[in-house]
Amino acid sequence: MSESSTDVPGLVLRTPEGRPYRFDPGALCLELLPTGGYALYAAYEVLHAPEDLVRWAGESRLPGGLSLSVSAQELARAHELRAALWNLTVDRAHGRALARPDLAVVNAVAAEPPLVPRIDPGSGSLAVAPDATGTALLSTVARDAVELFTGPYADRIRECGSDNCKLLFVDTSRPGRRRWCAMERCGNLHKVRAHRARHAPKEA
């Protein structure tokens, strides 16, 4: 998970060896997926308590200074939404049809009132109205997913090109050639392996 909120979009994740790297999935809804917990990734769960979802919101690409309260029921709903988003994103990345039950979850969450944006009186920057709820947070995430899956970048949803990395992202780059979750992780590893393969001694 992300460890700090900065002006640079994305989350600070860690490799199995503990090295930090920045992963930008390109959309708010996709930032929920690396919190783990679903299916084979239950061991990586980080949303154990309502305050964990509050912390995630503060580390996401949402405006800073979010005043948020989350209930246990809303945390359970976050787990449900994350599972649906994971299924939909994997299916889209691999060109499969989107499952109706997963779409129903996203649509139902998106139907709730979202976070209310406002202009911060002190800084004049984008902010979120205070005393927000977990339901409003999840609605904002689900609405972001609706926009992503129906918008111009829907065909650019991808899975990292590494054989042992399942991180999902949307390629918002102008050329549309992004292959890796992050160059500093899987991209560089690919370069190192390719270099070693080119310079490996040839068998007689």
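Just above sits the structure.
Presented here is an overview of the structure given in this document.

Calculation rules
- Residues numbered from 1 in each chain as written.
- Predicted model: local features only at pLDDT ≥ 70, side-chain atom pairs only at ≥ 80, totals over all residues.
- Heavy atoms only, no water.
- Helix = DSSP H or I, 4+ residues; strand = E, 2+ residues; numbered from the N terminus.
- Buried < 20%, exposed > 50% of the residue type's maximum accessible area, 1.4 Å probe, protein only.
- Contact = heavy atoms within 4.5 Å.
- Areas by Shrake-Rupley, 256 points an atom, 1.4 Å probe, with all protein chains shown as cover.
- Axes fitted to C-alpha atoms, helices over the stretch in contact; angles between N-to-C directions.
- Parallel < 35°, antiparallel > 145°, perpendicular 65-115°, else oblique.
- Nonpolar A, V, L, I, M, F, W, Y, C, P; charged D, E, K, R; others polar.
- Left-handed = near helix turned anticlockwise from the far one by under 90°.
- Core = buried A, V, L, I, M, F, W, Y, C linked by side-chain atoms within 4.5 Å.
- 1 Å grid on protein atoms, 1.4 Å probe; cavity = no way out; pocket = protein on both sides within 12 Å on 5 of 7 lines; lining within 4 Å.
- Points joined across faces, edges and corners; volume = space filled by probe spheres on them.
- Salt bridge = Lys/Arg side-chain N within 4 Å of Asp/Glu carboxyl O.

When you go through the protein chain residue by residue, the secondary structure sums to six helices and eight strands. Walking the protein chain from its N terminus toward its C terminus, one meets helices and strands in the order β-β-α-α-β-α-α-β-β-β-α-β-β-α. Counting the 204 residues in the protein chain, one finds 41% classified as buried. Put simply, of all contacts in the protein chain between residues at least 6 apart along the chain, 54% involve residues at least 24 apart. By element, 53% of the accessible surface of the protein chain is carried by carbon and sulfur atoms, the whole surface being about 11400 Å².

Once that is clear, we can look at the packing of helix H3 (residues 72-93) against helix H5 (residues 134-150). Look at H3 against H5: their axes get within 10 Å of each other, and the N-to-C directions meet at 10°. Here H5 runs roughly parallel to H3, going by the angle between their axes. Contact residues: Glu-74, Arg-77, Ala-78, Leu-81, Leu-85, Leu-88, Thr-89 and Arg-92 in H3; Gly-134, Thr-135, Leu-138, Val-141, Ala-142, Ala-145 and Phe-149 in H5. Of the residues that constitute the contact of H3 with H5, the class distribution is nine nonpolar, three polar and three charged.

With their axes 11 Å apart at the nearest point, helix H2 (residues 50-59) and H5 run at an angle of 50° to one another. Taken together, the axes of H2 and H5 lie oblique to each other. For the element pair H2 and H5, the recorded crossing hand is left-handed. Where H2 approaches H5, its residues Leu-53, Trp-56 and Ala-57 are matched on the opposing element by Leu-137, Leu-138 and Val-141. By residue class, the composition of the contact of H2 with H5 is six nonpolar, no polar and no charged.

This part takes up the nonpolar core. Among the nonpolar cores identified, the biggest contains 40 residues, and Leu-53, Trp-56, Leu-81 and Leu-85 are the most heavily contacted of them. Mapped onto this core, the elements with two or more residues apiece are helix H1 (28-31), H2, H3, helix H4 (100-110), H5 and strand S8 (168-170). Counting residues in each nonpolar core, the second largest holds twelve residues, with Leu-13, Tyr-21, Trp-180 and Ala-182 among its members.

Glancing now at the layout of surface pockets. Its boundaries defined by the atoms lining it, the second largest pocket holds a volume of some 300 Å³. Leu-28, Leu-62, Leu-115, Pro-117 and Thr-140 are the residues nearest the centre of the second largest pocket, which is lined by 15 residues in total. Of all the elements, H5 adds the most residues to the lining of the second largest pocket, at four residues. For the lining of the second largest pocket, a count of residues per class yields ten nonpolar, one polar and four charged.

With that out of the way, let us pick up the pattern of salt bridges. Enumeration according to the criterion identifies nine salt bridges in this entry. When the shortest N-O distance is used, the salt bridge between Asp-91 and Arg-96 registers 2.8 Å. Looking at Arg-96, the relative accessible area reads 44%, which means it is partly exposed. Residue Lys-166 is joined to Glu-159 by a salt bridge in which the shortest nitrogen-to-oxygen separation is 3.8 Å. When its relative accessible area of 38% is taken as the criterion, Lys-166 is described as partly exposed. Taking relative accessible area as the criterion, Glu-159 reaches 21% and is therefore assigned partly exposed. Members of the salt-bridge network, linked through shared partners, are Asp-24, Glu-31 and Arg-61.

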